[in-house]
Amino acid sequence: WRPGDEDERLRRRMSGPVKVRVPAKVNLHLGVGPLRPDGYHELNTVYQAISIHDELTARRGDTLTLTMEGEGAGELALDESNLVIRAARALAAHAGVPAHARLHLRKQIPLAGGLAGGSADGAAALVACDALWGTDLSRDELAAIAAGLGSDVPFLVYGGTALGTGHGETISPILARPVTWHWVVAIAEGGLSTPAAYRELDRLRAEQAAPPPLRNADALLAALRGRDPARLGRALGNDLQAAALSLRPALAETLKAGEAAGALAGLVSGSGPTCVFLATDGGHAERVAAELTASGLCRTVRTAYGPVPGARVG
Ligand code: ATP
């Protein structure tokens, strides 16, 4: 063994740029339980991956570097705090390989939007570096590393529609007959901090006589099996919505405008401020999106569908 041998072996296995696409998520159901002693809230959530994607390209390099373009460029730190870098380092440490790569992120998922963009980028980095370095881990192994990076990261390794328990990191895929759901995604100006939304929820709940119990996702799961958008619309629910509306009262106008535009239902996505609206089909989603755009209440309005796969090469 000579210093450099290992690098040489890895270099031979690396086969040029690896491009990974990773979706955003929405929470169709987000039940938030009481604050646990470890500082997390117990969650019972149903995630769905939707067709708004970030793209991460990984190339050979002698160190670990990250560049980016798109949403949040110039704002988002590209240093050791970035989930892309943290994920690459976590994989390298797990696999015992040097964390050498040149990574470039093309971001479409808004920052701090409640769509888990940072978590998505972490999942993308795990999948991209695993391919670049030839470490060949299974999805389950990548998801186990992902759980150490953040609550939403394991889901974005898998994608699809899944139940999340624990603090969201324990994933059980929901195997329903294939059906595509159509969404309108209303992106607000600026972000909302996820920890701030949970703190606000705790504050609002402290004013109540007894904290509500953790809401299960049974009605939502039954509605997903029923394949009827109107029924799914009635079952959507997010315990963090009250906190997001308290921190950003203008979101109530956005929710009202989406419903007035004919959406089946609307809700705040995760910790907000993005709001998502369910439509009956793609054409309906386009019409609702056009009306919401005309309302002038949002920075950007997009249509999307789900479920889509998680972080994937190609
Ligand atoms: P969630 O829905 O999981 O609560 P979010 O969509 O509200 O997340 P993110 O965009 O995932 O918010 O990011 C929240 C914070 O994470 C950012 O403000 C930033 O400080 C940090 N972060 C670290 N890496 C990234 C990244 N690659 N992209 C976005 N944010 C990142």
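Residues numbered from 1 in each chain as written. Predicted model: local features only at pLDDT ≥ 70, side-chain atom pairs only at ≥ 80, totals over all residues. Heavy atoms only, no water.

## Focus: the nonpolar core
Ranked by size, the top nonpolar core spans 72 residues in total, and within it L103, L126, W133, W183, V185 and L236 carry the most contacts. Element by element, the count of residues in this core is highest for helix 3 (residues 117-133), at ten residues. Inspection of this core shows a minimum of three residues originating in each of domain 1 (5-174) and domain 2 (181-306). Apart from residues no more than four positions distant in its own chain, L103 is found in contact with L56, T57, A58, L64, T65, L66, T67, V84, A88 and C129. With 19 residues, the next largest nonpolar core counts L255, V268, C275 and A279 among its residues. (Core = buried A, V, L, I, M, F, W, Y, C linked by side-chain atoms within 4.5 Å. Buried < 20%, exposed > 50% of the residue type's maximum accessible area, 1.4 Å probe, protein only. Helix = DSSP H or I, 4+ residues; strand = E, 2+ residues; numbered from the N terminus. Domains from an automatic or database assignment. Contact = heavy atoms within 4.5 Å.)

## Thoughts on the pattern of salt bridges
According to the stated counting rule, one finds 13 salt bridges in the structure shown. For the salt bridge of R299 with E71, the shortest nitrogen-to-oxygen distance reads 3.0 Å. With a gap of 228 residues between them, R299 in the loop between helix 11 (282-295) and strand 11 (300-306) and E71 in the loop between strand 3 (64-70) and helix 2 (83-95) connect regions that are remote in the sequence. Classification of E71 as partly exposed rests on a relative accessible area of 21%. When salt bridges with common partners are traced through the structure, they connect K19, E55 and R106 into a single cluster. (Salt bridge = Lys/Arg side-chain N within 4 Å of Asp/Glu carboxyl O.)

## Brief notes about the site of the ligand
Around the ligand, the surrounding shell holds 20 residues, and the nearest of these are A112, A116, G118, D152 and T194. Between the ligand and the protein, one listed contact pairs a nitrogen atom with a backbone N or O atom of L83 at 3.0 Å. A distance of 2.7 Å separates an oxygen atom of the ligand from a polar backbone atom of G118. Take the shell around the ligand: its biggest share by element is four residues, from helix 3. Looking at side-chain class alone, the shell around the ligand contains seven nonpolar, nine polar and four charged residues. (Near = heavy atom within 4 Å. Polar contact = N/O pair within 3.5 Å; in protein donor to acceptor, adjacent residues only side chain to side chain. Nonpolar A, V, L, I, M, F, W, Y, C, P; charged D, E, K, R; others polar.)

## Here we look at the packing of helix 10 (residues 251-260) against helix 11
It is at 9 Å that the axes of helix 10 and helix 11 come closest, and there the two elements cross at 135°. It follows from the interaxial angle that helix 10 and helix 11 lie oblique. Considering only the axes of helix 10 and helix 11, their crossing is right-handed. The segment helix 10 lies against helix 11, with T254, A257, G258 and A260 engaging V288, E291 and L292. Here the contact of helix 10 with helix 11 is built from residues that sort into four nonpolar, two polar and one charged. (Axes fitted to C-alpha atoms, helices over the stretch in contact; angles between N-to-C directions. Parallel < 35°, antiparallel > 145°, perpendicular 65-115°, else oblique. Left-handed = near helix turned anticlockwise from the far one by under 90°.)

## A few points about helix 10
For helix 10, the complete set of buried residues consists of L251, T254, L255, A257 and G258. All buried residues of helix 10 project into a common sector of 165° when viewed along the axis, lining one side. Among the exposed residues of helix 10, those oriented more than 90 degrees off its buried face are K256 and A260. Where the residues of helix 10 are buried, they touch strand 7 (181-187), helix 9 (241-247), strand 9 (265-268), strand 10 (275-279) and helix 11. (Arc of directions from axis to C-beta.)

## So, the domain arrangement of the chain
For the chain, the assigned domains read domain 1 (5-174) and domain 2 (181-306). Distance between the C-alpha centres of domain 1 and domain 2: 24 Å. If you look at the interface, domain 1 gives 31 residues, while domain 2 gives 36 residues. Between domain 1 and domain 2, roughly 2700 Å² of surface is buried when both sides are summed, and carbon and sulfur atoms account for 60% of that area. Summed over the shared surface of domain 1 and domain 2, the result is one salt bridge. Linking domain 1 with domain 2 are 16 residue pairs in polar contact (both at pLDDT 80 or more), by the criterion used here. Where the side of domain 1 that touches domain 2 is concerned, the elements lending two or more residues are strand 1 (18-35), strand 2 (41-59) and strand 5 (161-165). Of the residues in the side of domain 1 that touches domain 2, the class split is 16 nonpolar, twelve polar and three charged. (Buried area = accessible area lost by both parts, 1.4 Å probe.)

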